[in-house]
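Below, each chain spelled out in residue letters.
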Amino acid sequence: MENAQQQINDFLSRRFKWTIENFSELNAKKLYSNIFSAGGYRWRVGIFPKGNDVGHLPVYLEVADSAALPTGWSKYAKFSVAVISQLNNKFNVTKEARYEFNVTKTYSGFKRFIPLGELYDPERGYIVNDTCIVEADVAVPRVLDWTDGSKTEARLCTTIQIACDEDLLDQIGKDLHFDLVDYDKVRSFIVPKGMRFDLFKAKVATEFGIPVGRQRFWRWGKRLNHTSRPNYLLLTKTGFQSFSQDEGKRVFEPLLANNAYLQFFLEVERGQDIQEHSFSYYSPGNGILLFFKLYDPFKEELRYAGRLIVECSCTPMKILEKLNAMAGYPDDEEIELYEEIRFEPYVMCEHLDEKMTFHDCQLRDGDIICFQKLLPFEDAEKCRYPNLPLFLDYVNNRQFVRFRSLEKPEEDEFCLELSKNLNHDDVAERVASHLGLKDPSKIRFTSCQPIKYRGVVHLTDMLVHCKQNSDILYYEVAETPFRELQGLETSEVVLHHDAKEEFCTIVRTPMKEDSNALLTLPFLKGNSLSAAHVKIVEEIFQKHGNVLQQVQVLDPTFKAFFLERLASIVELFRSYTATSITAEVLGKLKHLIQSLACLGVKVDWMESYYQKVVSSNKYVQRQLHIEHLKEQVSTAEIALQGLKDQLVEAEKEITVVHMETGNETVDATTILNPL
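About the cut-offs
Residues numbered from 1 in each chain as written. Predicted model: local features only at pLDDT ≥ 70, side-chain atom pairs only at ≥ 80, totals over all residues. Heavy atoms only, no water. Helix = DSSP H or I, 4+ residues; strand = E, 2+ residues; numbered from the N terminus. Buried < 20%, exposed > 50% of the residue type's maximum accessible area, 1.4 Å probe, protein only. Contact = heavy atoms within 4.5 Å. Areas by Shrake-Rupley, 256 points an atom, 1.4 Å probe, with all protein chains shown as cover. Phe/Tyr/Trp six-rings, centres within 6.5 Å; stacked < 30°, edge-to-face > 60°. Lys NZ or Arg CZ within 6 Å of the ring centre and 35° of its normal. Pairing = 2+ DSSP bridges. Core = buried A, V, L, I, M, F, W, Y, C linked by side-chain atoms within 4.5 Å. Axes fitted to C-alpha atoms, helices over the stretch in contact; angles between N-to-C directions. Polar contact = N/O pair within 3.5 Å; in protein donor to acceptor, adjacent residues only side chain to side chain. pLDDT = per-residue confidence, 0-100.

(A) Main features of the overall build of the protein chain. Along its length, the protein chain carries 15 helices and 30 strands. Out of the 675 residues belonging to the protein chain, those deemed buried represent 44%. Restricting the contact set of the protein chain to residue pairs at least 6 apart, pairs at least 24 apart contribute 63%. When the accessible surface of the protein chain is summed, it comes to about 37,800 Å², and 50% of that surface belongs to carbon and sulfur atoms.

Given below as structure tokens:
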């Protein structure tokens, strides 16, 4: 067995090699490796040689001496395990995970690491001379010890992780797009539970180079929607963090006493003219700490823009100039605002009404507002993801897929970046475009078995290989379109000729019943749909085959409701133009689309189209307003020219009249006297 430890950035990493001899003779249900150390903890690898009744080899990483560790212990680790091919490294199977081990969760791993059939395949070389090799890489965060080097028990210490603006700037748009920071990549410290707050801030000042008076700490907290945000400011009764010793005991020290693990956001005020303790005044219930991200639809980039403390009674309209300054835009640049709400199990990013107060928008400390330029319609047409919700949905669902030809199943031929929500036809179109094929329907895909035409809902379903998620799809190009090929019966015909030689050929003949005809679908019979709505539903199924697959598994009662609602939405869209549609109608459409999602059916294309219509309507309304203003200006210019012409005529008339008076000076105050 081999192992080696090294420091990589802020992680301590150790590689452990486990050589298992006489593998086929193992009778134990579960087998453990020798114990090895990483990051101050002792670990071991466990496997189930016979498969643990799942047909696969399970592989786990476990904390070896968990029973001997102090109460409340926990340890975060990034780890990977690999089964090594002794013939060719390209067959190596490696899987990675991140996990926080603690007193109730002492192990983590993969129940279906590799199929037993592949494990014992001699051509892959996982077992050679009855020997199997398993490797594990374990990386744990490097932690600064502020316990003065004393061997303080874990239960008497607290691990504190601190993130600041620089961490958000480094990570958002690069390592992550959702939430604010990955705390696995920020600095960590071990402090004794009795440490005073002023001493803690002095240590932070030394480590970060930030004066004590410019530090303000927010505690990070988890929300019910599985996001994490800084939502609690450590404050004295006067609203500041310059704690006296008694106040430190009341606010800071209880946090250390009751938590083995804390996460803080360090708010820092920077600048030469900024005095210490010059933070924006914050009062819980009256102020809100907001974070801002900027989206560029042309570059398809998202970045951290900054943060502000705003008043609850304030509206977004009042901070637009500050946001433009963050982005480097002119003060009067028109921008759109969105609130990033959550990303699991799906992306939720909603448009923010600029005229409502932050309180009425239900914003609170730690919330994230994303903004972007308001794009004219012609510019939006040039962008793949013209608005932020579309971009975040793309990021959340993107999948890199390796494609292999069935003629060379061991070699990656090309790789495409796709969306997990693409249906079978969409994937075929992308592959056909890459291969230069005119007819995508001639492409047939295979994972562990051939994939039926429109037999799965999404790309994620296509990538399931023997009940394991994969990133590989096999393909072949047929002479007959796939949808027609699937409707043919295949027969093997043996032909003879005079020399008594024979050869086989494959003959395909049409099936007697067309199982793909939409009108024969059971749930379209006897429901309450009108003839017009049935026609709309057929159009939807033909263009979005994944909808058909999803509806087929719904309860019969919900099928009729879903189809009627879906057809009503399409019909309502078709009743308006970009000019005539009103905000009231858009609100009704949004409600109808949301009601579809409640049934668990994905209609992402409908939501995307709705967002596009909203943007188009905004553009059209502004365009109409501009045209109206132009008409008013033109009318005013005509009226002004008329007044100028009248003025010229009046001046001519007064000259003539003046001559008739004998050029005498007469004005409005001249007294008339005939004598």
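Next comes the rest of the account.
(B) The arrangement of the packing of aromatic side chains in detail. Enumeration according to the criterion identifies 28 aromatic pairs in this entry. With a centroid separation of 4.5 Å and an interplanar angle of 20°, the aromatic rings of Tyr 385 and Tyr 394 are classed as stacked. Judged by relative accessible area, which is 16%, Tyr 385 ranks as buried. Residue Tyr 394 is classed as buried on the basis of its relative accessible area of 11%. An aromatic cluster is present here, built from Tyr 41, Trp 43, Phe 79, Tyr 99, Phe 101, Phe 110 and Phe 113 joined pairwise through their rings. Over the aromatic face of Tyr 60 sits the side chain of Lys 30, whose NZ or CZ is 5.5 Å from the ring centroid.

(C) Representation of the pairing of strand E6 (residues 56–63) within the structure. Taking burial as the measure, the eight residues of E6 include eight buried ones, the bulk of the element. Residues His 56, Pro 58, Tyr 60 and Glu 62 line one face of E6 and the alternating positions Leu 57, Val 59, Leu 61 and Val 63 line the opposite face, and both faces are buried. Direction of pairing for strand E5 (residues 41–47) relative to E6: antiparallel, over a ladder of five bridges. Of the residues in E6, the one forming a bridge with Arg 44 is Glu 62. In the sheet, E6 pairs with strand E9 (residues 107–115) via six bridges, with the strands oriented antiparallel. Residue pairing across strands places His 56 opposite Pro 115, the latter belonging to E9.

(D) Seen up close, the side chain of Ser 405. When you line up the elements, Ser 405 lands in strand E23 (residues 398–405). Setting aside anything within four residues of it in sequence, one finds Ser 405 in contact with Glu 413 and Tyr 475.

(E) Region of the structure containing the nonpolar core. Ranked by internal contacts, the top residues of the largest apolar core, which has 35 residues, are Trp 43, Val 45, Leu 119 and Val 138. Per-element tally for this core: the top contributor is strand E11 (residues 131–141), with five residues. Ignoring anything within four residues of it in the chain, the contact list for Val 45 reads Phe 16, Trp 18, Leu 31, Tyr 32, Ser 33, Phe 36, Val 59, Tyr 60, Leu 61, Val 134 and Ala 136. Counting residues in each nonpolar core, the second largest holds 32 residues, with Phe 265, Tyr 304, Tyr 385 and Leu 388 among its members.

(F) Layout of the sheet that holds strand E18 (residues 287–296). Ordered in space as E19-E18-E22-E20-E21, the five strands form an open sheet in which the pairing is mixed. Each end of this open sheet is capped by a strand with a single partner; those strands are strand E19 (301–311) and strand E21 (348–351). Across this sheet, the average inter-strand angle for adjacent strands is 30°, counted without regard to direction. In the sheet, E18 pairs with E19 via ten bridges, with the strands oriented antiparallel. Bridge pairing in E19 places Lys 293 opposite Tyr 304. Contacts from helix H5 (residues 320–327) reach E18, E19, strand E20 (335–342) and strand E22 (367–373) within the one sheet, and its direction differs from that of E19 by about 145°.

(G) Fine view of the environment of Arg 42. You can see Arg 42 is positioned in strand E5. Arg 42 gets classed as partly exposed once you look at its relative accessible area, which sits at 39%. With 24 residues separating them along the chain, Arg 42 and Ser 66 place their C-alpha atoms 8.7 Å apart. Residue contacts for Arg 42: discarding those within four places in its chain leaves Ile 35, Phe 36, Ser 37, Glu 62, Val 63, Ala 64 and Asp 65. Here Asp 65 takes part through its side chain, which lies 3.4 Å from a polar atom of the side chain of Arg 42.

(H) Highlighting the sheet that holds strand E25 (residues 443–446). Ordered by their spatial adjacency, four strands build an open sheet running E24-E23-E28-E25, and the pairing between neighbours is mixed. Each end of this open sheet is capped by a strand with a single partner; those strands are strand E24 (414–419) and E25. Within this sheet the neighbouring strands show an average axis-to-axis angle of 40°, counted without direction. Summarising the sheet, E23 and E24 pair through six bridges and their orientation is antiparallel. By the bridge assignment for E24, Val 401 is matched with Leu 416.

(I) Here's a closer look at the confidence of the model for the protein chain. Summing up the model confidence of the protein chain, the mean pLDDT is 78 and the portion of residues at 70 or higher is 76%. Per-element confidence in the protein chain is highest for E22, whose mean pLDDT is 95, and lowest for strand E1 (residues 2–8), whose mean pLDDT is 44. Between residues 272–277, whose pLDDT stays under 50, and residues either more than four places distant or in other chains, the model counts eight contacts. Residue range residues 488–527 is modelled with pLDDT below 50. Its contacts to residues more than four positions away, or to other chains, number 59 contacts.

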